[in-house]
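Secondary and tertiary structure notes
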Amino acid sequence: MTLVPATSTRWDVAAHATWLGERRPAESFQWDRWFGVASGGASIGYYWTTHLKTEFDLSSSSEGEDYSVEIIPVPGLTTPLFVERDHEIRFTTASAGLTSQFFENAWFHPFVSAGLEIVREREHIETVPPPVPPRGLTVSLPPGSETRVGYSGRPYVATGFKLYLSDHAFIRTDLRTSWSTHGLAALGWRSGVGVDF
Amino acid sequence: MHRTSHFIITALLIVLMAVKSVAAQTTADVWKSFAERVDVGTELNVRLDDGRRMRATLVGVRADAVLLQPKTRIPVSIQAVPYDAIVRMEPRKAGHSAAKAVAIGVATGVGAFFGIMLLIVAVVAD
């Protein structure tokens, strides 16, 4: 007995919107920071079997904002200078992974995924000048404006489900966690629509 | 002594196999009898001896198998399921099942979330 249709689809594509939380460890800030941003993207998958799929995904986020305070020692003074720096960060992620999908030819398919993602992190930093600069003293302030671009790779695991609205159109949602040597690096709740073909 | 024990073991095996065969035959007969009494077109929950479960519509009854149309997302051909492969078969109750209620709730939640996310993206991108 088989529940597999005579002609099964091999591909699926989906567009998704995501609430993304990116965690930055204490080394770049005074303490761990979470950037909560909205993100959008698209994925394409190829089914090797009815239960195993390779999936590629590309997404880009809105700008997350935060600030840090740098403590700059002033020669001759016991009180250091506190300089505020405003950070704007945008995350772009490309990933590839394997998805294991449960059930056969059903309307509801839970799945688990694991893979690797490459994250491009573009950070623009503006230094807020001190309202009353110390007179007569020469201190080296951070640059007024700078942009940093960094890349990193990290594994991810995800779990979610596809809920079909018709034979081939579905909505999907999943919870995705990304990991680095510092532990949890990102948490994303994605939801989108797609189609099999 | 050795010959006696050999005889007893052989006899036990024969009896056990006969009992199992009769039980399987009886179960198959029961499912056949059941299927013959169910109206064609009735929706059934079926569980097979390999652990698989399915929802299906009864479309016919044969001497050796029941003919079922599985309720799948993409239609599949009618399946002849041998009676001795059936572990459980019962008509589905009318009305909303708990799973359907959960699915509707989940779909509503996902739809709401997706809408909110689109709004957030629109506002942020503005």
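Note that the structure is predicted; figures quoted are calculated from it, not measured.

Within chain B, the secondary structure is distributed over 2 helices and 5 strands. Reading chain B from its N terminus to its C terminus gives the helix and strand order α-β-β-β-β-β-α. Looking at the 126 residues of chain B, the share that counts as buried comes to 25%. Sequence separation of 24 or more characterises 40% of the internal contacts of chain B that already satisfy a separation of 6 or more.

Moving on: the sheet that holds strand E4 (residues 79-82) of chain B. All names here are of chain B. Read across the open sheet, the 5 strands follow the order E4-E3-E2-E1-E5; overall the sheet is antiparallel. Each having just a single partner strand, E4 and strand E5 (86-91) make up the two edges of the open sheet. Shown here is a sheet whose adjacent strand axes are inclined to one another by a mean of 45°, direction ignored. Where strand E2 (residues 53-61) meets strand E3 (residues 65-70), 5 bridges bridge the pair, whose relative direction is antiparallel.

A few words on the interface of chain A and chain B. Taken residue by residue, the interface counts 29 residues in chain A and 21 residues in chain B. Between chain A and chain B the total buried area reaches about 2100 Å² when both faces are included, carbon and sulfur atoms providing 73% of it. Of all residues in chain A, A:Met1, A:Leu3 and A:Asn105 bury the most surface against chain B, accounting for 30% of the area lost on that side. Run the count over chain A and chain B and you get 0 salt bridges. Our count for the chain A to chain B interface comes out at 5 residue pairs in polar contact (both at pLDDT 80 or more). Looking at the side of chain A that touches chain B, the elements that each hand over two or more residues are strand E1 (11-24), strand E2 (33-47), strand E7 (145-164), strand E8 (169-180) and strand E9 (183-196) of chain A. Ranked by the residues each element gives to the side of chain A that touches chain B, the list is headed by E9(A), at 6 residues. Of the residues belonging to the side of chain A that touches chain B, the class tally is 15 nonpolar, 11 polar and 3 charged.

Moving on, we get to the pattern of salt bridges. Residues and elements named next belong to chain A. Scanning the entire structure with this criterion turns up 22 salt bridges over all chains. Arg148 is the salt-bridge partner of Glu146, the closest N and O atoms lying 3.5 Å from each other. Arg148 gets classed as partly exposed once you look at its relative accessible area, which sits at 40%. Connected through salt bridges with shared partners, the residues Asp12, Lys53, Glu55, Asp57, Lys162, Arg172, Asp174, Arg190 and Asp196 form a single ionic network.

With that out of the way, let us pick up the confidence of the model for chain B. Looking at chain B as a whole, its pLDDT mean stands at 81, while 75% of the residues score no less than 70. Two summary scores accompany this predicted model of the complex, namely pTM at 0.76 and ipTM at 0.73.

Applying the stated criterion to the full structure yields 7 aromatic pairs over all chains. Through a chain of ring-to-ring contacts, three or more aromatic side chains come together here, namely A:Trp11, A:Tyr46, A:Trp48 and A:Phe197. For the cation-ring pair, A:Arg176 lies above A:Tyr156, with the distance from its terminal atom to the ring centre recorded as 3.7 Å. Lying over the aromatic face of A:Tyr164, B:Arg73 brings its terminal NZ or CZ to 3.6 Å of the ring centre.

This paragraph deals with the environment of B:Asp64. Residues and elements named next belong to chain B. Its location among the elements puts Asp64 in the loop between E2 and E3. The sequence separation of Asp64 and Val46 amounts to 18 residues, and the corresponding C-alpha distance is 17 Å. Those residues in contact with Asp64 that sit more than four places away from it in its chain are Pro82 and Tyr83.

Let us look at the pairing of E2(A). Residues and elements named next belong to chain A. Strand direction decides the pairing type here: E1 and E2, joined by 14 bridges, are antiparallel. Its bridge partner being in E2, Trp19 is matched across the sheet by Ala38. In this structure, the hairpin formed by E2 and strand E3 (residues 52-61) is closed by a connection of 4 residues.

Procedures and definitions
- Residues numbered from 1 in each chain as written.
- Chains lettered and ligands numbered in written order.
- Predicted model: local features only at pLDDT ≥ 70, side-chain atom pairs only at ≥ 80, totals over all residues.
- Heavy atoms only, no water.
- Helix = DSSP H or I, 4+ residues; strand = E, 2+ residues; numbered from the N terminus.
- Buried < 20%, exposed > 50% of the residue type's maximum accessible area, 1.4 Å probe, protein only.
- Contact = heavy atoms within 4.5 Å.
- Pairing = 2+ DSSP bridges.
- Axes fitted to C-alpha atoms, helices over the stretch in contact; angles between N-to-C directions.
- Buried area = accessible area lost by both parts, 1.4 Å probe.
- Salt bridge = Lys/Arg side-chain N within 4 Å of Asp/Glu carboxyl O.
- Polar contact = N/O pair within 3.5 Å; in protein donor to acceptor, adjacent residues only side chain to side chain.
- Nonpolar A, V, L, I, M, F, W, Y, C, P; charged D, E, K, R; others polar.
- pLDDT = per-residue confidence, 0-100.
- Phe/Tyr/Trp six-rings, centres within 6.5 Å; stacked < 30°, edge-to-face > 60°.
- Lys NZ or Arg CZ within 6 Å of the ring centre and 35° of its normal.

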